[in-house]
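Observations on chain architecture
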Amino acid sequence: MFLQHHLSDFEKWDIKILATDISAKVLTHAMRGAYDPKTVEGLSKEIIGDAFETKKTEEGRYQIHTSLRDKVLFRKYNLVTDPFFFKNRFDMIFCRNVMIYFDDVTRHNLIGRFTTLLQKGSPLFLGSSESLTTHRESLKLLGSSIYQRL
Ligand SMILES: C[S@@+](CC[C@H](N)C(=O)[O-])C[C@H]1O[C@@H](n2cnc3c(N)ncnc32)[C@H](O)[C@@H]1O
């Protein structure tokens, strides 16, 4: 949704998104792509019109367009213990409201891994209450909880 909204030639980009969580239940829910109206109705009419099917689901939920969902690969993954083997670097990473569960050392190590995975100049988006106190030499604060890989 974010990229669709911000890239004028969105359809021309070859976009692949890796979406991970430790919980199979959470992943199943995410894969369904059926959003509670309360979580959608704060978005602009333009975003809602572009990202969701016109017809709601039988439960009255907003259904994400298949064309958007098909860009996402869903994988069960433990950010703390599973190895990071990725062929290419990432153009952006969103990790919002996950590190709140981790201690300082785990958080520090994870940010280090994200830094290595990001292309230079690329952004890392954290949750609004998650600010970084380490890795200042490799991540520059761009805006509220948004950092740029130097
Ligand atoms: C508070 S939710 C945030 C979800 C979403 N990012 C958001 O901002 O709405 C935290 C998520 O982190 C996941 N999580 C917790 N520990 C994790 C770990 N070690 N590896 C991957 N995901 C984890 C939980 O299963 C949960 O879905």
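Residues numbered from 1 in each chain as written. Predicted model: local features only at pLDDT ≥ 70, side-chain atom pairs only at ≥ 80, totals over all residues.

**Describing the overall build of the protein**
Rule in force here: For the purposes of this entry, the term helix denotes a DSSP run of H or I that reaches at least four residues, the term strand denotes a run of E that reaches at least two, and both are numbered from the N terminus. To assign burial, the other C-beta atoms lying within 10 Å of each residue's own C-beta are counted, with C-beta atoms placed from the backbone; 20 or more indicates buried, 12 or fewer indicates exposed, and intermediate counts indicate partly exposed. It is the C-beta atoms, placed from the backbone, that decide contacts: two residues are in contact if theirs lie within 7 Å.
Of the regular secondary structure elements, the protein holds six helices and eight strands. Starting at the N terminus and ending at the C terminus, the protein contains elements arranged as α-β-α-β-α-α-β-α-β-β-α-β-β-β. The principal-axis extents of the C-alpha atoms in the protein amount to approximately 45 × 35 × 30 Å. The buried share of the protein, reckoned over its 150 residues, is 7%. For the protein, the share of sequence-separated contacts (at least 6 apart) that also reach a separation of at least 24 residues comes to 57%.

**With respect to the sheet that holds strand β5 (residues 93-95)**
The cut-off we apply is this: Strands pair, by our definition, only if DSSP identifies at least two bridges between them. Here the axes come from fitting lines to C-alpha atoms, over the contacting stretch only for helices, and the angles between their N-to-C directions go from 0 to 180 degrees.
If you trace the four strands from one edge of the open sheet to the other, you get β5-β6-β8-β7, paired in mixed fashion. Two strands bound the open sheet, and with one partner strand each, they are β5 and β7 (139-143). With strand direction ignored, the average angle separating the axes of adjacent strands in the sheet is 25 degrees. Bridge count between β7 and strand β8 (residues 146-149): four bridges; the pairing is antiparallel. Pairing of Gly-143 across the sheet is with Ile-146, part of β8. In this fold helix α6 (residues 104-117) packs onto β5, β6 (123-126), β7 and β8, with an angle of close to 160 degrees to the strand it touches most, β5.

**Looking at the site of the ligand**
Stated precisely, the cut-off is as follows: We call a residue near a molecule or strand when its C-beta atom, built from the backbone, sits within 6 Å of it. Residue ranges labeled as domains rest on an automatic or database domain assignment.
Taken together, 13 residues surround the ligand, and among them Ile-22, Ser-23, Leu-79, Arg-96 and Asn-97 come closest. Split by domain, the residues of the shell around the ligand number at least three in each of domain 1 (1-76) and domain 2 (78-150).

**Brief notes about helix α2 (residues 24-32)**
With zero of nine residues buried, α2 lies mostly on the surface of the structure. Where α2 ends, the next residue or the one after it, Gly-33, has phi of about 65 degrees, a positive value.

**Observations regarding the nonpolar core**
Threshold: Each nonpolar core consists of buried Ala, Val, Leu, Ile, Met, Phe, Trp, Tyr and Cys residues. Their C-beta atoms, within 7 Å, join them into a set.
If you look at the biggest cluster of nonpolar residues, it comprises six residues: Ile-111, Phe-114, Leu-118, Leu-124, Leu-126 and Tyr-147. Within the residue set of this core, elements represented by two or more residues are α6 and β6. Excluding anything up to four places from it in sequence, Leu-124 contacts Ile-93, Phe-114, Leu-118, Leu-139, Tyr-147 and Arg-149.

**Brief notes about the pairing of strand β4 (residues 72-76)**
In terms of burial, β4 is largely open, as just zero of its five residues are buried. Pairing of strand β1 (residues 17-21) with β4, which is carried by five bridges, proceeds in the parallel orientation. The residue bridging Asp-21 from the neighbouring strand is Lys-76, located in β4.

**Quick look at the domain arrangement of the protein**
Taken domain by domain, the protein comprises domain 1 (1-76) and domain 2 (78-150). Placing the centre of domain 1 and that of domain 2 at their C-alpha centroids yields a distance of 23 Å.

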